[in-house]
Structures are given as C-alpha cells and as structure tokens.
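Chain by chain, the residues:
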Amino acid sequence: MTQKFKVLVTRKWPKKVEEELQLNFETTLNESDTPLSENELIDAMQNYDALLPTVTDKISDTILSVANKKVKIVGNFGVGFNNIDIDSAKKNNLVVTNTPEVLTDCTADIAMLLMLGVARRGSEGEFHVRKKEWSGWRPTHMMGTKITGKTLGLIGMGRIAQAMAHKAHHGFKMKILFYDPYVKSENLSNLSATSCESIDELLSKSDFVSLHCPSTKETQGLINYETLKKMKESGYLINTARGDIVVESDLVKALKDNTIKGAGLDVYQKEPEVNEELLKLKNVFLLPHLGSATEETREAMGMRVLSNIQAFFNGDEPNDRVI
Ligand code: DGY
C-alpha cells in the first residue's frame, strides 16, 4: 500500500494488533481507553478514512450522516453490530464489517461457565470460602443442580449456539433442543439436536435455556415475565447474546418469586449498569461481558478487523462485510 489511510481506533486493542495497524495505516489509538463522545466520533467521521469502533460505541445516525464525511468503512471490533445504525450506514453508502468465527469457541465457553456457575452455585461458594464462612463438608451443604444428561434449549442456532451444543452434548451428555427458523435439524446430526416448533415449546421442555439470537426489533424483550413463566420452575436462563433480549426487571421478579430457579448472565440491558435488585440475588451468576475475552480471541478479532480494512483499501471485498 503506497498511500497510508487514516484510521481511528476508539478503544484500547491488543498490543500486537495496534502495532500491526500502525505499520499499515496512519493510526490514531486510544491510549487512555476512555469511550469517545458523540462529538469526537462525529469529528472522526470527518477526518479519518476508517472508523474502528467496538460493540459499546453507539454509532448513531447523527454520527453516520454528518456532512463532509471522509470515513468509507466502519470496521467493528465484535461479531454483534447492533451498536451501529445499519439503516443509516446503508443510506450513507458506508461499508460495515464485523468479526465472526474467531470468538465462537470462547463465547460458547463462557455460556458453559455461566451454566455451570449458576447451577453449581460457583460464585456463592467462592465468596463463602473467601469470607471464611465455610464450616466444613456436610451432606446438605450448598447443593446445586446436576447438569449432565439435562436438556439444553438454544434460542438462535448460529455458530456460538452450535459450539455450546457441541460442548454440552459431547462433554455433558445433554439433550439439545433449539429454536431457529433458519436452521434445520438435518444439518446438525452430530449433535442429535431437535428443532422446536415454537419458542414456547423450547421454554417448556428445557432445563437450561441459552440465548444466542442477535438483538433486533423482533428479539428485544423476547424474554419477559410472560415467557419466563413458560419455563420449568427448575429451569435456568443463560444469556451471552445481548442484554436487551431480556427484560431485566421481569427476570428479577421471576428469580425472586421462584418462577425459574436461576440465571447466568454475561450481558445486561444498560451495560455497564446492572440492575441493583439482580446484584442482591443469590441465584444468579454474573459476569461483565467476558464472552470473547481471552488474549487469543481478542487478538484474532483485531486481526480480523485489520484484514477487513486492508481488503477494502486494496479494492477487494472485505471477508466480513455485513453491508
Ligand atoms: C461481540 O463480539 O458481539 C461480543 O459481544 C463481544 O464479546
């Protein structure tokens, strides 16, 4: 590349990726790792060739439609791109890319951790030990729920759900149910997965319900008090997808009145705020959006963004173009 295009990275990225970006582009990094304001993002649209945001940067129509734009490509660091107003990006003839595949296994691992953590009372147990409250082994101490052989219901059966199903089925002998209008059971024969006719059917038959659909107008608020009531009283909800798929206050109500037994959450409705009531509950296992947070995966995600923008500026089609 003879011309060095100007790129702006909105948050701190893994060192190796930042170095690679600096070698290939005129790169502005965010050393302090503080989120950019709307005005700073607008300014970036006017002064850079590529904007490289991440899933917590809200890239609104106001930002994308600013006059005298220079940015041609928005290379999102993350597989989800609900942080970007896609209709506005289309209207403004912008290319948008994401980072699929490389985070599949790590996100599925976190879903497994949430399932194990809540069912086996992981954080409760850990705090018990740390607070020196443990008085010793006894037959009825801190009993949880067995996972092996139980039924896991997946809402959305994309790559991450399939990876979780693989680990749960082959590692924990779980029966797999799923609801996804775009995926057929025949294509999942190695998982013996059964497709449900409706979400209600899945909710009523599963011991663990794990969410893997994107956040869209159709899925936002999908899990509310009414839908939670369709789950088994002994059931657990797992969410590694997006917080706004669940109405958090309804989940709190369902956890308090024993409509369901527990929940494992990695994502929240208003991140990084977490519902105060949720924080007080014992039957939840809560993580701070760690799905893809391993050194290997975060580096691979960054490299994926790099190769997407390199392809774009070379006049090729970026691999992970979403529009
Ligand atoms: C994504 O990439 O969408 C994840 O939520 C980040 O872990």
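Everything quoted here is computed from the prediction, not taken from an experiment. (Residues numbered from 1 in each chain as written. Predicted model: local features only at pLDDT ≥ 70, side-chain atom pairs only at ≥ 80, totals over all residues. Heavy atoms only, no water.)

## What about the side chain of Thr-104?
- Checked against the element boundaries, Thr-104 lands in helix H5 (residues 104-119).
- Setting aside residues up to four positions removed in sequence, Thr-104 forms contacts with Arg-159, Ile-160 and Ala-163. (Helix = DSSP H or I, 4+ residues; strand = E, 2+ residues; numbered from the N terminus. Contact = heavy atoms within 4.5 Å.)

## What about helix H10 (residues 248-256)?
- Those residues of H10 that fall on the buried side of the exposure criterion are Glu-248, Leu-251, Val-252, Ala-254 and Leu-255. With its buried residues spanning 165 degrees around the axis, H10 presents them on a single face.
- Contacts made by the buried residues of H10 are with helix H9 (225-228), strand S10 (236-239), strand S11 (262-265), helix H11 (276-280) and strand S12 (284-286).
- After H10 finishes, the residue Asn-258 shows a positive phi value of roughly 60 degrees. (Buried < 20%, exposed > 50% of the residue type's maximum accessible area, 1.4 Å probe, protein only. Arc of directions from axis to C-beta.)

## Side note on the domain arrangement of the protein
- The domain boundaries assigned to the protein delineate domain 1 (6-102 + 295-313) and domain 2 (104-286).
- A C-alpha centroid distance of 31 Å is found between domain 1 and domain 2.
- With 7 residues of domain 1 at the contact, the number on the domain 2 side is 5 residues.
- Between domain 1 and domain 2, a total of about 570 Å² is buried, with carbon and sulfur atoms accounting for 41% of that surface.
- When the area that domain 1 buries against domain 2 is broken down by residue, the three leading residues are Asn-82, Glu-101 and Thr-297, summing to 62%.
- Counting across the interface, domain 1 meets domain 2 through 1 salt bridge.
- For Glu-101, the salt bridge goes to Arg-159, with nearest N and O atoms at 3.8 Å.
- Viewed at the interface, domain 2 and domain 1 are joined by 2 residue pairs in polar contact (both at pLDDT 80 or more).
- Along the lines of polarity and charge, the residues of the side of domain 1 that touches domain 2 split into 3 nonpolar, 3 polar and 1 charged. (Domains from an automatic or database assignment. Buried area = accessible area lost by both parts, 1.4 Å probe. Salt bridge = Lys/Arg side-chain N within 4 Å of Asp/Glu carboxyl O. Polar contact = N/O pair within 3.5 Å; in protein donor to acceptor, adjacent residues only side chain to side chain. Nonpolar A, V, L, I, M, F, W, Y, C, P; charged D, E, K, R; others polar.)

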